[in-house]
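Residue strings, one per chain:
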Amino acid sequence: MSPKISVIIPAFNHGDELEKGLASLKKQTFQDFEIIIVDDGSVTPIKNANIRFEHNLGAPKARNAGFDQSKGEYVIFLDADAELVPNALETMLAELESHPKASFAYPSFFWGLKRFPSREFDAEALKQENYIHTSALIRREAFPRFDESLKKFQDWDLFLTMSEQGKTGHFINKSLYTIAPRKSGMSQWLPSFVYDLPWNQIGWAPKSVKKFQTAREIIRKKHGLSIPAKAGIQTYHWLAIIATAELASFFAVHDPIMSSIICVLIGLCLVWLGYQKPELGIATIFIEHLIGSKGRLFVLGADVSMDGGVSVRILMVAGFVLGWLGGIWIRKEKPDWKTWLQTRTAWIFVAVILAYGLFRGLILKQPFIVPDANSWGILILCAPALHLAKQKAFWSEIQTAATVGLIWLFVQTLVLYALFSHGVDSLYYWLRKSGIGEITELKEGVGVYRIFIQSQIYAVMLAVAAASKRITSNTFIWIAIAFAVILVSFSRSFWIGTALGIFISLVIVFRRKIGILGQSVKLSGAIAVGILIVVMLTPWAGLLDIFSARATASDPASSSRWELLEALKGKIGEQPILGHGFGATVTYQSKDPRIVQATGGTYTTYAFEWGWLDFWVKFGILGIPIMLWVIFSLAYRLHRSGLYSWIPALAALAAIHIFTPYLNHPLGLVLLILMEAQIETPPFGKAG
């Protein structure tokens, strides 16, 4: 009697990984299947192969040969490094049999810890890009055979051919197998933005990119596909925009009128983007957070010293929301407010305490209500972000913006570190007035400078999130550079948050059975490279002082922070239940040399370093529990959605907030918004 399913596995020099895949087949809840292994000319022969080629003839030839020998009613082609979840075959068979009009059924899958989501079958979308992996369950009579002339994109070609024959597929909204990343063989991957860089204009491209582009062109010509137009701004366009913006900001800090004009123009652009291209509008706002830190690259209505006025960030967010609301009203779109709020009760309570904080501040006539509450205004982006989360274009724009913004932030940090450490300080006034960063000499006469840019929080997020995934050559470079940036920030809170995030990432790696030893070695190597980058940029005379200057708690910044803690305890004691509302201030003795010079050290502020205590001061006894509820609720939903890499990033953010406020700052809140949007995202947009 013929088996129900034929499992066909071509293998070339990957016998060790094949053993893991075969072990996962033995654990299948459905066992009416045969296994056909095709050894595609391996140097070391594959054990128990049904078919063996003397020379490597390629995966298409091997798969077709396996099919010719198979007898199953259904066939599935697995890579040698594919490990199936126990009910994978049972699930795919049940889904395909329950959809008799479909010729094949396909799920999403994991590549290491990165989730590669698929989507509902759409023949037109398939012409633009492939979203179906080779390992789909196919009806025997519907299989048209692989094109043996192709070296790449055989799966895309297969499903395009079936689609042209009038056949359709059925999407299974589950991740049913994992592909092990490796440097060679069939299972290789690079992030999509790499292929979109303007290599033709540069005049050179990596070999892997050339192969990709050549193979893609072969498929397009064979099936008569048009080149899809790029919907948004490309990587090199973003780089040009950022460079232009910062150059303009350099001159605008000396000219308030120029700064105001640019602010108005940017605000109007965001109104148009909010109405016409909201996905690009949010990406633009995200870029500004990555490069703008305090949001004051440009200021509307500032005085001659560039103090006061309305920041460009406020104008951008307000303009975008105005345009977006106008767009959904004119297009009669109906955001699903009710569904969004059903699983986000904690955020409803956040809205309540924010309203209470405003009311309480007004009742007590606090002096700085508006600038204090202003930071929370970024949460208004939750609505458009959740509304756009179901659109692939939204995540495409966010990914491009994040990539370019991080590259710019990393290069800027390291260049500034090298310049200031070698005596070039002509950018100091611009950096401080625009709010981009704070530059301080760690020890007088040594020449080692601290380059602290608030947006460096995103370097921490990247490092800990990447550490939770299997480290490849690509992610190794990202982690190494991120660590270099974290080091030269000389932020102890960043270091603590990074350490906690890395620990949680390794726990995730261990539980996901990625290989904790190999991951730890690669991570250590990336950290070592990051340290080496910093050492290479540091003057030799300052090497011995590079970390000792921040290793103790005796420096002015640390002493001031402890003085503030005592003042906050007293402030909380005045109103431990009801709090003081937005705009509440404390006065303490600062050791900051600039404050000592100006006031003798007495300093009054409404912005507190101890972020969690800020919630207690402003919102009363319920402030901290409600914000903890937000964090734990979000972490739980991220885990349920398979977005594991966000969890260590969230933990790091919460830890950093103990010492440096981010959960009440746009830079941190925008991360929470993106996490919430990813949870809302349909399968084609998620990436764990």
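Residues numbered from 1 in each chain as written. Predicted model: local features only at pLDDT ≥ 70, side-chain atom pairs only at ≥ 80, totals over all residues. Heavy atoms only, no water.

1. Structural notes on the overall build of the protein chain
We apply this condition: Note on conventions: DSSP H or I runs of at least 4 residues are helices, E runs of at least 2 residues are strands, and numbering of each starts at the N terminus. Partly exposed describes any residue whose relative accessible area lies between the buried limit of under 20% and the exposed limit of over 50%, with all areas from a 1.4 Å probe on protein chains only and scaled to the type maximum. Every residue pair with non-hydrogen atoms within 4.5 Å of one another is taken to be in contact.
When you go through the protein chain residue by residue, the secondary structure sums to 29 helices and 15 strands. The buried share of the protein chain, taken over its 688 residues, is 56%. Pairs at least 24 residues apart make up 74% of the contacts formed inside the protein chain by residues separated by at least 6 positions.

2. Quick notes on a nonpolar patch on the surface
Short version of the rule: Each patch is built from salt-bridge-free residues with over 30% relative accessible area, joining like charges within 9 Å and nonpolar side chains (Val, Leu, Ile, Met, Phe, Trp, Tyr) within 5 Å. Working definition of accessibility: Shrake-Rupley area with a 1.4 Å probe, residue cover restricted to the visible protein chains. For salt bridges, the criterion is a side-chain nitrogen of Lys or Arg within 4 Å of an Asp or Glu carboxyl oxygen.
Side chains of I257, I261, V264, L265 and L268 sit close together on the surface and give an oily, nonpolar patch of about 500 Å² of accessible area. Among the secondary structure elements, I257 is positioned in helix α10 (residues 256-276). Taking the relative accessible area as the measure of exposure, I257 reaches 62% and is therefore exposed.

3. Some words on the side chain of S163
Along the polypeptide, S163 turns up in helix α5 (residues 154-164). Judged by relative accessible area, which is 18%, S163 ranks as buried. Residues in contact with S163, not counting those within four places in the same chain, are F121, A123 and L126.

4. A word on unusual backbone geometry
Despite not being glycine, S293 shows a phi value in the positive range, around 50°. Looking at where S293 falls in the secondary structure, it is placed in the loop between α11 (278-292) and β10 (299-300). Its relative accessible area of 0% is what places S293 among the buried residues. Its identity as a non-glycine residue notwithstanding, K365 has a phi of 55°, on the positive side. Examined against the element boundaries, K365 turns out to sit in the loop between α14 (345-363) and α15 (369-374).

5. Brief notes about the packing of helix α21 (residues 492-511) against helix α28 (residues 646-659)
Convention followed: To obtain an axis, a line is fitted to C-alpha atoms, over the contacting stretch when the element is a helix, and the angle between two such axes runs from 0 to 180 degrees between their N-to-C directions. Any angle from 65 to 115 degrees is called roughly perpendicular, while one under 35 is roughly parallel, one over 145 is roughly antiparallel, and all others are oblique. Put simply, a crossing is left-handed when the front helix is turned counterclockwise from the back one by less than a right angle, and right-handed when it is turned clockwise.
α28 packs onto α21 with a crossing angle of 155° between their chain directions and a minimal axis gap of 8 Å. Taken together, the axes of α21 and α28 lie roughly antiparallel to each other. You can see that α21 and α28 cross each other, and the crossing is right-handed. Two secondary-structure elements touch here, α21 through S493, F494, I496, G497, L500, G501, I504, S505 and I508 and α28 through I647, P648, A651, A652, A655, I656 and F659.

6. Side note on the pairing of strand β13 (residues 449-452)
Definition in use: Criterion used throughout: strands pair if DSSP finds at least two bridges between them.
Of the two faces of β13, both are covered, the one formed by Y449 and I451 as well as the one formed by R450 and F452. Both strand β12 (residues 438-441) and β13 contribute to a ladder of four bridges, which runs antiparallel. Bridging from a neighbouring strand, E441 pairs with Y449 of β13.

7. Describing the pattern of salt bridges
Under the defined criterion, the tally for this structure stands at 20 salt bridges. Here R119 and D122 are joined by a salt bridge, their closest N and O atoms 3.7 Å apart. Given a relative accessible area of 25%, R119 falls into the partly exposed group. A relative accessible area of 28% means that D122 is categorised as partly exposed. Residue E288 is joined to R313 by a salt bridge in which the shortest nitrogen-to-oxygen separation is 2.7 Å. A residue pair is termed long-range when its members are at least 10 positions apart, and E288 in helix α11 and R313 in helix α12 (residues 312-330) qualify at 25 residues. R313 carries the same exposure label as E288, and that label is buried. Via salt bridges that share partners, R344, R637, E676 and E680 belong to a single interconnected network.

8. Points about helix α19 (residues 457-467)
Burial analysis of α19 places 10 of its 11 residues in the buried class, which makes it a mostly covered element. Regarding α19, the residues found buried are I457, Y458, A459, V460, M461, A463, V464, A465, A466 and A467.

9. Quick look at empty space enclosed by the protein
The gaps of empty space that remain are located by a probe, the size of a water molecule, rolled over the atoms. Under the convention used in this document: Think of a 1 Å grid over just the protein atoms. A cavity is a set of points where a 1.4 Å probe fits yet cannot get out, a pocket is an open set with protein on both sides within 12 Å along at least five of seven lines, and lining residues have an atom within 4 Å of a point. Grid points are joined across faces, edges and corners, and a volume is the space filled by probe spheres set on the points. Just so you know the grouping, Ala, Val, Leu, Ile, Met, Phe, Trp, Tyr, Cys and Pro go in nonpolar, Asp, Glu, Lys and Arg go in charged, and all remaining residues, Gly too, go in polar.
Under the defined criterion, the tally for this structure stands at one cavity of 30 Å³ or more. Around the largest cavity, the lining residues are I282, I285, F286, L381, A385, I398, V670, I673 and L674. Residue assignment for the lining of the largest cavity shows that the elements contributing at least two residues are α11 and α29 (666-680). Among the residues forming the lining of the largest cavity, the class breakdown is nine nonpolar, no polar and no charged.

10. Some details on the packing of aromatic side chains
Note the following rule: Stacked, tilted and edge-to-face are the three classes assigned to paired rings of Phe, Tyr and Trp, where Trp is represented by its six-membered ring and a pair needs centres within 6.5 Å; plane angles under 30 degrees give stacked, over 60 edge-to-face, the rest tilted.
This structure, assessed with the given rule, holds 32 aromatic pairs. Ring centres of F104 and F121 lie 5.9 Å apart, and the angle between their planes is 80°; this geometry places the pair in the edge-to-face category. Of this pair, F104 sits in strand β6 (residues 104-111) while F121 sits in the loop between β7 (114-116) and α4 (123-128), and the two are 17 residues apart along the sequence. No difference in accessibility class separates F104 from F121, as the two residues are buried. Seen in terms of ring centroids, Y106 and Y131 are 6.4 Å apart; in terms of plane orientation they differ by 50°. Their pairing is tilted. Residue Y106 is found in strand β6, and its partner Y131 is found in the loop between α4 and β8 (137-139); the two are separated by 25 residues along the sequence. Of the two residues examined, Y106 and Y131, each falls in the buried class. Members of the aromatic cluster, connected to one another through ring pairs, are F104, Y106, F121, Y131, F159 and F171.

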